[in-house]
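# Overview (structure and organization)
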Amino acid sequence: MTDARSAGAAGRYGEDLFAPEHPREAERVDAAALVYDPLTTHRLRALGVGPGRRCLEVGAGTGTVARWLLEEAGAEEVVALDRDTDALAAVAGRGLRVLRADLTDEGLRPGAFDLIHARFVLMHLPGRRRIVSRLAGWLNPGGALVLGDAVELPDARDASSPYRRTMDAMWRALRTTIGTDISHVPAYPRFLREEGLREVAAEVFCPPLTAGSPLARFWSETWSRMRPELTATGLVDADTVAEARAYLDSPGLAELGPGMAMAWGRRD
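### Some remarks on the pattern of salt bridges
Evaluated as defined, the whole model comprises 23 salt bridges. For R164, the salt bridge is made with E152, and the minimal N-O distance between the two is 2.8 Å. Here R164, found in helix α4 (residues 162-178), pairs with E152, found in the loop between β5 (139-151) and α4; they are twelve residues apart in sequence, far enough to count as distant. Looking at R164, the relative accessible area reads 5%, which means it is buried. A relative accessible area of 15% means that E152 is categorised as buried. In this structure, D168 engages R164 in a salt bridge whose closest nitrogen and oxygen atoms are separated by 2.9 Å. Of this pair, D168 and R164 both sit in helix α4, separated by four residues, roughly a single helical turn. Among the charged side chains, a salt-bridge network with shared partners connects R24, E25, E27, R28, E221 and R225.

### Points about the packing of helix α6 (residues 214-225) against helix α8 (residues 238-248)
Contact geometry for α6 and α8: axes closest at 9 Å, N-to-C directions at 165 degrees. One element, α6, and the other, α8, form an angle in the roughly antiparallel class. In this structure, α6 meets α8 at a crossing whose hand is left-handed. Along its contact with α6, which presents A216, W219, S220, W223 and S224, the element α8 presents V241, A244, R245 and L248. Grouping the constituent residues of the contact of α6 with α8 by class yields six nonpolar, two polar and one charged.

### Some words on the layout of surface pockets
Over the atoms, a rolled probe matching the size of one water molecule traces out where space is still vacant. Approximately 160 Å³ is the volume attributed to the second largest pocket. If you go around the second largest pocket, the residues you meet are R24, E27, R28, A31, L34, R217, S220, E221 and R245. Contributing elements (two or more residues each) for the lining of the second largest pocket: α1 (25-46) and α6. Broken down by element, the lining of the second largest pocket gets its largest block of residues, four residues, from α1. Taken together, the residues of the lining of the second largest pocket break down into two nonpolar, one polar and six charged.

### Brief notes about unusual backbone geometry
The backbone phi angle of F120 is positive, close to 55 degrees, even though this residue is not glycine. Looking at the element boundaries, F120 is found in the loop between β4 (113-119) and α3 (128-137).

### Topic: the side chain of H184
Among the structural elements, H184 can be located in the loop between α4 and α5 (188-194). By relative accessible area, H184 is classed as buried at 1%. Within the structure, the side chain of H184 is placed 3.0 Å from the side chain of Y188, a separation counted as a polar contact.

### Brief notes about the sheet that holds strand β1 (residues 54-58)
Within the open sheet, the seven strands sit side by side as β3-β2-β1-β4-β5-β7-β6. Their pairing is mixed. Each edge of the open sheet is held by one strand with a lone partner, namely β3 (96-100) and β6 (198-205). Here the strands of the sheet are splayed against their neighbours by 15 degrees on average, with no regard to which way each runs. Here six bridges tie β6 to strand β7 (residues 259-266), and the two strands are oriented antiparallel to one another. Following the sheet pairing, F205 is matched in β7 by M260. α3 contacts β1, β4 and β5 of the sheet and is inclined by roughly 150 degrees relative to β5.

### Brief notes about the environment of L96
Tracing the backbone through its elements, the reader meets L96 in strand β3. For the pair L96 and V151, spaced 55 residues apart in sequence, the C-alpha to C-alpha distance is 30 Å. In contact with L96, other than residues within four places in its own chain, are A66, L70, V78, A80 and V91.

### Digging into α1
An α-helix turns once per 3.6 residues; consequently, residues spaced three or four apart project the same way. An ideal rise of 1.5 Å per residue puts 32 Å on 22 residues; α1 measures up with 31 Å between its terminal C-alpha atoms. Maximal helix bending in α1 amounts to about 50 degrees, located at Y36; proline P38 follows within four positions. Positive backbone phi, at 95 degrees, marks G48, one or two positions downstream of α1.

### Focus: the packing of aromatic side chains
Overall, the coordinates contain seven aromatic pairs when judged by the stated rule. Note on Y13 and F18: the rings are 5.3 Å apart at their centroids and 45 degrees apart in plane angle, and the pair reads as tilted. The buried category is assigned to F18, whose relative accessible area is 6%. Ring geometry for F218 versus W219: centroids 5.0 Å apart, planes at 70 degrees, classification edge-to-face. Look at F218 and you get buried, because its relative accessible area is 14%. For W219, a relative accessible area of 8% corresponds to the buried category. In this structure an aromatic cluster arises from ring pairing among Y36, F120 and F205.

Definitions and cut-offs
Residues numbered from 1 in each chain as written. Predicted model: local features only at pLDDT ≥ 70, side-chain atom pairs only at ≥ 80, totals over all residues. Heavy atoms only, no water. Salt bridge = Lys/Arg side-chain N within 4 Å of Asp/Glu carboxyl O. Helix = DSSP H or I, 4+ residues; strand = E, 2+ residues; numbered from the N terminus. Buried < 20%, exposed > 50% of the residue type's maximum accessible area, 1.4 Å probe, protein only. Axes fitted to C-alpha atoms, helices over the stretch in contact; angles between N-to-C directions. Parallel < 35°, antiparallel > 145°, perpendicular 65-115°, else oblique. Left-handed = near helix turned anticlockwise from the far one by under 90°. Contact = heavy atoms within 4.5 Å. Nonpolar A, V, L, I, M, F, W, Y, C, P; charged D, E, K, R; others polar. 1 Å grid on protein atoms, 1.4 Å probe; cavity = no way out; pocket = protein on both sides within 12 Å on 5 of 7 lines; lining within 4 Å. Points joined across faces, edges and corners; volume = space filled by probe spheres on them. Polar contact = N/O pair within 3.5 Å; in protein donor to acceptor, adjacent residues only side chain to side chain. Pairing = 2+ DSSP bridges. Expected span 1.5 Å × (residues − 1). Bend = angle between axes of the 7 residues up to and from the residue. Phe/Tyr/Trp six-rings, centres within 6.5 Å; stacked < 30°, edge-to-face > 60°.

Right under this line is the structure:
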């Protein structure tokens, strides 16, 4: 599979888009966490995370899942890995070790784990298939690898609404700017099987997209921050983006918005 970064995208998440020091970035990230954390934690609980487990949270963000692993699931240790860890400083210690590192660094050796979880991370990175192999190699016997990334089921009959045009422009802008690619996400179960993992399974969750909800706020803020990149695609202009954002806050909002595919497997 051709890597999007090698096809011309030179930027990186957190540098060329969505800088962590932006005053509203933590709020944007946490809006998505409000929507997806319940699904994530339900799956991690079902996979047996709990006391005595050593966990790696990849792309830890503001630390919501890492804190849950420690405080609710009772994991023995959680390693929270991210390229920018400033938002994790307040929760470090007490069983949570913060590791500032780049997942694409081939020299990275964080240790061995009973659970490895990465959500909305691999879709933004080059060498995704190789990263899956490396993550699987960091599992202890019996350990579980859980991967979650974005999927979308667009309405094929709608190609012209401000919402659809803005969403399409976003995916194109993400790909050309920082190499984001969600086309590989349906292959995650196959990747896990190829790594020799067992009990491989997957699920797709498309949360309700309702006016004023955390998810609607997430997309609205995302589009606001990406306005120059969106208009640069030629698919939308500033007025179209403004209409799409207004629609996200209107009582007429009715869309099957992007969701998350989660796949998991266990090491023998």
